[in-house]
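Residue-level listing of the chains:
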Amino acid sequence: MNIVLDTSAIIAVIADEPEKARLVELTKGAILVVPPSVKWEIGNAFSAMLKRSRITLEQAVDAIEVYHSISMETVEINLKDAMRLAGKYNIYAYDAYILQCAIEHGLPLISLDKNLVEIAKRENIQVIEVSP
C-alpha cells in the first residue's frame, strides 16, 4: 500500500512524539510517498526549532540524519493544480503540495494537521486516522 505522509507526521516520528508508535504501526510495510517539497519543509521545521532554542544544533543535525534514514518515494506533482488548492482553501503551498500529491496519485493521506485532514476530506481524499 502507498500512503502520502505529510511533514507533521514525519516530524512526530523523528522527534519521538507521542503519536510515533501509532504512525509506525499505520505505515508498516507501506511505501511512503511525498512531494519533492517535503525535504525542504523538514529542514525549515528543524531550523525553526533551532531558532526558537527548542533544540540544539547537534539535535537538528541528528534529526536530519534520521529523516534521511526514512525510506520515502518522492513523486512530482502539478504545481498549477496545487496552487489552485492553496487559493481555494487559503493554505500554504507546502500543505497544498501534500494534498495535490494525494489527489494526483490517488493515495490516502496521513497527517497530524487537523486543518489539512479536514480539507483532505472535503477534497474526497481518503484519510488514515492516527487516533486509535
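Scroll up for the structure.
Keep in mind that this is a model prediction, so the values were computed, not measured. (Residues numbered from 1 in each chain as written. Predicted model: local features only at pLDDT ≥ 70, side-chain atom pairs only at ≥ 80, totals over all residues. Heavy atoms only, no water.)

**A word on the overall build of the protein**
Here is step 1 of the chain: On a plain count of helices and strands, the protein comes out with seven helices and four strands.
Here is step 2 of the chain: Order of helices (α) and strands (β) in the protein, N terminus to C terminus: β-α-α-β-α-α-β-α-α-β-α.
Here is step 3 of the chain: Taken over the C-alpha trace, the protein has a radius of gyration of 14 Å; the compact-globule value for 132 residues is 14 Å, and the two agree within 12%.
Here is step 4 of the chain: Dimensions of the protein, computed from the C-alpha atoms along their principal axes, are close to 40 × 30 × 25 Å.
Here is step 5 of the chain: Counting only contacts in the protein whose residues sit at least 6 apart along the sequence, the fraction spanning at least 24 positions is 66%.
Here is step 6 of the chain: Accessible surface, the protein: about 7700 Å² in total, of which carbon and sulfur atoms supply 52%.
Here is step 7 of the chain: A distance of 4 Å separates the average location of the 13 positive side-chain charges in the protein from that of its 18 negative side-chain charges. (Helix = DSSP H or I, 4+ residues; strand = E, 2+ residues; numbered from the N terminus. Rg over C-alpha atoms; globule rule 2.2 N^0.38 Å. Contact = heavy atoms within 4.5 Å. Areas by Shrake-Rupley, 256 points an atom, 1.4 Å probe, with all protein chains shown as cover. Lys, Arg positive; Asp, Glu negative; His and termini not counted. Charge placed at Lys NZ, Arg CZ, Asp CG, Glu CD.)

**Let's talk about the pattern of salt bridges**
Here is step 1 of the chain: As enumerated under the stated definition, the model contains five salt bridges in all.
Here is step 2 of the chain: The salt bridge involving Asp 81 is made with Arg 84; its shortest N-O contact spans 2.8 Å. With Asp 81 and Arg 84 both in helix H5 (residues 79-89) and three residues apart, the pair spans about one turn of that helix.
Here is step 3 of the chain: Asp 81 sits in the partly exposed class, given a relative accessible area of 30%. (Salt bridge = Lys/Arg side-chain N within 4 Å of Asp/Glu carboxyl O. Buried < 20%, exposed > 50% of the residue type's maximum accessible area, 1.4 Å probe, protein only.)

**Regarding the layout of surface pockets**
Here is step 1 of the chain: As a volume, the largest pocket reaches approximately 250 Å³.
Here is step 2 of the chain: Sorting the residues of the lining of the largest pocket by element identifies helix H1 (7-14) and helix H3 (38-51) as the ones contributing at least two each.
Here is step 3 of the chain: Looking at the lining of the largest pocket element by element, the count peaks at five residues for H3.
Here is step 4 of the chain: Of the residues contributing to the lining of the largest pocket, the split by class is six nonpolar, three polar and four charged. (1 Å grid on protein atoms, 1.4 Å probe; cavity = no way out; pocket = protein on both sides within 12 Å on 5 of 7 lines; lining within 4 Å. Points joined across faces, edges and corners; volume = space filled by probe spheres on them. Nonpolar A, V, L, I, M, F, W, Y, C, P; charged D, E, K, R; others polar.)

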